[in-house]
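# Topology and contacts: notes
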Amino acid sequence: MEIDFFWRKWPQSQKNLFLAFLGLFFVGILGSIIAWLFGASGVIQWETQALIEPVQVVVKKLGLNFIELPITAESLRITETIYGSDLQISVGYATLFFVVFCLCWIVFLSTTTYLSRFWYLVSIPLFLLILIGFRLEQLGFVGQYNHTLMGISIALFLLPSYYFHSFRPESSLWLRIGVFAFNTAVWAGLIVWGSEMSFPLVRVMHYGILSPLAIFVVFAVIVAHDILVGFIYLLTKNHASEENNLTSGNHKHLFVFALIYLGNLFVAYLLISRSVDWSLLYIHPFVLFPISALVGLWAMRQRVEANFEKILPFEPLGSLLYLAMAVLSMFTLSYFHVTNNDPMVEIAEDVILWSHMGVGLLFIVYVYANYFSLLAEGRSVYKILYKPMNMPYFTARLAGVIGMAAFFFKSDMVSINQGWAGYYNYVGDVYALEEDVFTSEQYYKLGSQYGYTNHRSNYALYSLANSVGDKNAANYYLQQAVRKNPSPYAYANLSLNFAEREKFFDALFVLREGLEKYPEEQALLVNMGVLLGKTRVVDSAMQYLQLAEDGPFAQQARSNQLALIAKDKLEFALDSLLGQEYQYLPAQSNQLHLRNSLLLPQPNEQGYDSLRINGFQLAWLNNSVLSALPFMDSTQAQVLAWYANDSTNAGFFTTTQILYSLSAFESGNVRQAIPLLEANKLSSRQFSGYYAYLIGCMAAEYGQWEYASHSFEEAYQKGVAYGQAGKWISDLHLGKWKTLADSLKNEPIAEGIKGNQGLYALWASITGSDSVQTELATYWRAMFEPDWNLTERLQAIQSISSDILKHSSYYDLIIEKINRGNLFEAEQILAQWELIAPAEFSKELRFAQLRLALAQKADKAALAALLSAQDIQEMNDPYVFWARAQVFPEQAAALYAHLAKNIFFEEGVVAAANYFEVQGKSDKAYLLLVEALQHNPYSIPIAKAYVLQALRNGLDSYAYMVLNDLKKKMKPEDFSGFEQEVKGLASKAMDWNP
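Notes on the structure follow. As the structure is a prediction and not an experimental result, all values here were calculated from the model.

For the rest of this paragraph, the subject is the overall build of the protein. Helix and strand counts for the protein stand at 48 helices and two strands. Taken against the 2.2 N^0.38 rule, which gives 30 Å for 994 residues, the C-alpha radius of gyration of the protein at 45 Å runs more than 25% over that of a compact globule. Dimensions of the protein along its principal axes, counting C-alpha atoms only, are 135 × 60 × 50 Å. Buried positions account for 55% of the 994 residues belonging to the protein. Long-range pairs, those at least 24 residues apart, make up 66% of the contacts in the protein between residues at least 6 apart in sequence. Looking at the protein as shown, the accessible area adds up to about 43900 Å², and 57% of this sits on carbon and sulfur atoms. Charged side chains of the protein number 69 positive and 88 negative; the gap between the two group centres comes to 6 Å.

The structure is reproduced here in structure tokens:
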């Protein structure tokens, strides 16, 4: 048989038509194989679910006299799991299927007009059945839910068909194709633009899906034995001429091939029907089917010419009809796969198996019954394959169909139920697309009843239950979905459903079962790693996450590894993990979280350039700010202010407010940080104690001990344990040693204090406990013992054997004396320390010298000499800025403006106000003092400066209000001196009257 038979006599136009459908045929084959291999991914996609967990980490340790007060914040840890999306019904797939059906429909209509009268009349009811199956009355054509569109369809298709068949039989094929193509386009247009339904094409194809299924079944029977035909051709083609040497034995060769071929089908049948549970290799029916269809295209000519030439000639009509059936069958199979309608897929699988087994077996019987001797002699049997001598070809085909029916009945006719299940699934899709949840649910339930435990119905029902938050129903349907034809999506979702309800062992068993069936599925590996991490099986969790590093979820796997290491404090290649650059935002966030948990700050070099944030961006922003706090500058803090104030970020209000407060404080803008924290403290009951503690730490860092004491006390009362230690230190700096001692002696020592060496020593020092004699206790007494003179303090410091503690004591005592205004003693201590200070304390020594010089109002030359030291120049400290403002006049305006923002740096605020007053900017000086006093009401120096500035600006009444308050706070002797200064500035119109 010549391969190029159809090229020799055909016109070019018919060749082109044939090639077009041949190309569509190959597309259908490729599509069916790809859709089969990709499983449920046509209607279900992998999606990522992120759990963003706040974890309290220490972002800074505030060292106050060898007591470290931890400043904590919530670093956000991201854990990502992978889950299957809800069922996604594609309008695009259905539209493509409709277009392919229409193309094949045109060929069916055109070629059947050439049939003889009997067969033509047989075809008309079949076309009518196809049109009826579309349920066109449901489309609401021009608002009418009746058979109007059905009548139009009959007129468009059957009337021209009858016309061509009965009155114009001489019409060309192209004319017939053109008329039916035009009418089909009109029909499709009426459906799309005349229907009141939202998705008319989906509705037509899903309601009419049984027609393509029926054509698929017929085509499968037609090509069921063609692989065997092809083998017979290959086996006997070499003996086509009389000159060839005849050889014997082809009957044996055919027997061996048939045994292997039919044996493969039988093994496939046993495994697919779940009759046995063997691990055997076999060629799947979905591979055999396209091979049969391809061979059938070649083998059909001889078969038609021998048996059906009078009904419909093969060239070109029979070949086009065959190709149209092949194309529609392949695309039907593709659509079953791509929509993951497993009941329909099972029908297709069974039909291919049963037809190939039944028809194939009887065809072998047919060949041996007619051509045994010719095969044995090595004759060219393929030439006369359809010219039987003993057993008629029709008898073999009929017997093969009966054999196929035997398999059908042996299966308890389950294919009927599967057909209805698949049909109801498609109908449910129609209503799901139209958002008619109730109706779609009823059809999916019908599908589940007819196709018990089928994946498609149950996953669709899970999607509906999940969309309304019904976790119990969702769990039930997922369990049904994994029973027969499971998908990795169902396994992933079922395990997550169990995990969300804290049924970790159930979730674990589900994932293990899923990985047994899909050992390479990366999503399940990631989820297993996350689940084991939650159950503290850390080593195994890391192994699963590492296995997923080479797949599509590699980024999620690496991000989860960082989260797991941070969570369990694992010593796992930390240098490598911290030094690696990640492009994936959650991985960057978790890397920053790991740094935060280890207290390893890192400056942010990326910047903050977006104002609208989502969950992942929030985590990165939060963790980045916390990591970069020690390096925060005013520019970055200002950007964070935009984040905090942007209304689009209202859902992250608390987080952005805290971030901005911390960044503003670290950049020196205390004027912005404190009011924000105070406002949030009043508005947030949950975080009120935390805000109070933050304010206390910020006040204590700049020596605002009155403010710190009140804030720490409030924090302690609201459940912040370290608030108590903060209040102790604040009260000591306020000179309340004896008051504190009396209160602590009446309280039992807390267990938390016993575990903290510094706090325990402080408690022992204050209470005078003889049971605790440590050098830290000596330090505390040297610093704050009210009855000790300077000599006793210095002797106590000299008795300390630890060099670090001894020289730190000198430094702390000098700063304490300067803060209390006792500059004479500060100078004495400094002089003694200068003689013995080691090199490693040179920076502290020079800074103490600078502090004393500033307090003594040293001249510019003295300050410049102290600023010349490199380590002092590199310090980001307000006292250094203050000194530079005095030494470098060209920088003074900018430096004083910066110092004015730090309302806790009293000297800087007062100095800035004086500077702007001298510059003739009295209003600016007044306003910065107003703001500073408003948010730091405990500061006596700022209050005094405000009184004087208000008097200079002629605001006497405001000045006297604050002055009355100062009288209550200041010692009488101190207030008396200040009062004289006030009287010198008071206006004659309103004299000071205490």
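Here the narrative resumes, following the displayed structure.
All right, on to the pairing of strand β2 (residues 67-84) then. Within β2, 14 of the 18 residues are buried, which leaves it mostly tucked inside the rest of the structure. Pairing geometry for strand β1 (residues 46-64) and β2, over 18 bridges, is antiparallel. Directly across from V58, in β2, lies its bridge partner T72.

A separate point is the pattern of salt bridges. Using the criterion set out here, one finds 21 salt bridges in the structure. When the shortest N-O distance is used, the salt bridge between E666 and K60 registers 2.9 Å. Residue E666 is found in helix α27 (residues 653-666), and its partner K60 is found in strand β1; the two are separated by 606 residues along the sequence. On the basis of relative accessibility, which here comes to 21%, the residue E666 falls in the partly exposed class. One salt bridge connects K727 with E713, and the closest N-O pair in it is separated by 3.9 Å. Taken together, the residues K727 in helix α31 (residues 722-733) and E713 in helix α30 (residues 705-717) connect sequence positions 14 residues apart. One salt-bridge network, held together by shared partners, links E678, K681, E714 and K718.

Applying the stated criterion across every chain yields a total of four cavities of 30 Å³ or more. Roughly 60 Å³ of volume is contained in the largest cavity. Around the largest cavity, the lining residues are V59, K60, I71, L629, L662, F665, E666, L694 and M698. Put simply, the parts of the chain that give the lining of the largest cavity at least two residues each are β1, α27 and α29 (688-701). Of all the elements, α27 adds the most residues to the lining of the largest cavity, at three residues. Its residues placed into classes, the lining of the largest cavity shows seven nonpolar, no polar and two charged.

As a further point, take the packing of helix α37 (residues 803-819) against helix α38 (residues 823-836). Two elements in contact, α37 and α38, have axes separated by 8 Å at closest approach and are oriented at 160°. What the angle tells us is that α37 and α38 run roughly antiparallel. With respect to the hand of their crossing, α37 and α38 are arranged in left-handed fashion. Together, H807, Y810, Y811, L813, I814, K817 and I818 of α37 and L823, E825, A826, I829, L830, Q832, W833 and I836 of α38 make up the contact between the two elements. Each residue belonging to the contact of α37 with α38 can be placed in one class, and the counts come to eleven nonpolar, two polar and two charged.

With 13 residues, helix α46 (residues 940-952) ought to run about 18 Å at 1.5 Å a step, and its terminal C-alpha atoms sit 18 Å apart, in line with that. By the burial criterion, the buried members of α46 are I942, A943, A945, Y946, V947, L948, Q949, A950 and L951. Looking at the buried side of α46, the elements it contacts are α44 (906-918), α45 (922-935), α47 (956-969) and α48 (972-985). The backbone nitrogen of I942 has a side-chain oxygen 3.3 Å away, supplied by the residue at the start of α46, namely S939. Looking one or two places after α46, you find G954, whose phi comes out positive at around 75°.

All right, on to the environment of F631 then. Its place among the elements puts F631 in the loop between α25 (615-628) and α26 (634-645). Remark: the alpha-carbon pair of F631 and L762, spanning 131 residues in sequence, is separated by 32 Å.

Here we come to unusual backbone geometry. Not every positive phi belongs to a glycine, and F66 is a case in point at roughly 65°. Along the chain, the position of F66 falls in the loop between β1 and β2. Note on F66: relative accessible area 35%, which makes it partly exposed. Residue T453 is not a glycine yet carries a positive backbone phi of 65°. Turning to its location among the elements, T453 is positioned in the loop between α15 (437-450) and α16 (455-467). Residue T453 is classed as buried on the basis of its relative accessible area of 7%.

Mapping Q588 onto the fold places it in helix α24 (residues 585-598). Within polar-contact distance, the side chain of Q588 engages the side chain of W620 at 3.4 Å.

The next point concerns the packing of helix α35 (residues 775-784) against helix α36 (residues 790-798). Viewed as axis vectors pointing N to C, α35 and α36 meet at an angle of 160°, and their least axial separation amounts to 9 Å. Here α36 runs roughly antiparallel to α35, going by the angle between their axes. As for how α35 packs across α36, the hand of that crossing is left-handed. For the pair formed by α35 and α36, the contact residues are T778, R781, A782, M783 and F784 on the first element and R793, A796 and I797 on the second. Residue composition of the contact of α35 with α36, grouped by class: five nonpolar, one polar and two charged.

Using the criterion set out here, one finds 59 aromatic pairs in the structure. The interplanar angle of 20° and the centroid separation of 4.8 Å between the aromatic rings of F97 and Y335 together place this pair among those described as stacked. On the criterion of sequence distance, the pair formed by F97 in helix α2 (residues 91-112) and Y335 in helix α11 (residues 314-338) is long-range, its members being 238 residues apart. Across this residue pair, the class does not change: F97 and Y335 are buried. Between F219 and Y322, the aromatic rings sit 5.2 Å apart at their centres with planes inclined by 55°, giving tilted as the arrangement. Pair noted here: F219 is in helix α7 (residues 210-222) and Y322 is in helix α11, with a separation of 103 residues, a long-range link. Take F219 and Y322: they sit in the same class, and that class is buried. The ring of Y114 carries the charged tip of R176 above its face, separated from the ring centre by 3.9 Å.

Turning to the environment of V430, a few remarks are in order. Mapped onto the fold, V430 is located in helix α14 (residues 414-433). For V430, a relative accessible area of 2% gives the class buried. For the pair V430 and V947, spaced 517 residues apart in sequence, the C-alpha separation works out to 79 Å. Discounting residues that sit within four places of it in the chain, V430 has contacts with V202, R203 and H206.

This brings us to helix α21 (residues 538-547). When we look at burial in α21, the residues that qualify are V538, A541, M542 and L545. When α21 is viewed along its axis, its buried side chains cluster within an angular range of 95° and face the same direction. Across from the buried face of α21, at angles greater than 90 degrees, the exposed residues are D539 and L547. Those residues of α21 hidden inside the fold are in contact with α20 (522-534) and α22 (554-568).

Together, F118, W119, V122, L126, L129 and I132 give the surface a local cluster of nonpolar side chains, amounting to about 600 Å² of exposed area. Summarising the element assignment, L126 is placed in helix α3 (residues 117-133).

Attention now goes to the environment of Y915. Structurally, Y915 is set in helix α44. Judged by relative accessible area, Y915 falls into the buried class, the value being 19%. In sequence terms Y915 and G143 are 772 residues apart; their C-alpha atoms lie 83 Å from each other.

Criteria and cut-off values
- Residues numbered from 1 in each chain as written.
- Predicted model: local features only at pLDDT ≥ 70, side-chain atom pairs only at ≥ 80, totals over all residues.
- Heavy atoms only, no water.
- Helix = DSSP H or I, 4+ residues; strand = E, 2+ residues; numbered from the N terminus.
- Rg over C-alpha atoms; globule rule 2.2 N^0.38 Å.
- Buried < 20%, exposed > 50% of the residue type's maximum accessible area, 1.4 Å probe, protein only.
- Contact = heavy atoms within 4.5 Å.
- Areas by Shrake-Rupley, 256 points an atom, 1.4 Å probe, with all protein chains shown as cover.
- Lys, Arg positive; Asp, Glu negative; His and termini not counted.
- Charge placed at Lys NZ, Arg CZ, Asp CG, Glu CD.
- Pairing = 2+ DSSP bridges.
- Salt bridge = Lys/Arg side-chain N within 4 Å of Asp/Glu carboxyl O.
- 1 Å grid on protein atoms, 1.4 Å probe; cavity = no way out; pocket = protein on both sides within 12 Å on 5 of 7 lines; lining within 4 Å.
- Points joined across faces, edges and corners; volume = space filled by probe spheres on them.
- Nonpolar A, V, L, I, M, F, W, Y, C, P; charged D, E, K, R; others polar.
- Axes fitted to C-alpha atoms, helices over the stretch in contact; angles between N-to-C directions.
- Parallel < 35°, antiparallel > 145°, perpendicular 65-115°, else oblique.
- Left-handed = near helix turned anticlockwise from the far one by under 90°.
- Expected span 1.5 Å × (residues − 1).
- Polar contact = N/O pair within 3.5 Å; in protein donor to acceptor, adjacent residues only side chain to side chain.
- Phe/Tyr/Trp six-rings, centres within 6.5 Å; stacked < 30°, edge-to-face > 60°.
- Lys NZ or Arg CZ within 6 Å of the ring centre and 35° of its normal.
- Arc of directions from axis to C-beta.
- Patch = residues over 30% accessible without salt bridge, like charges linked within 9 Å, V, L, I, M, F, W, Y side chains within 5 Å.

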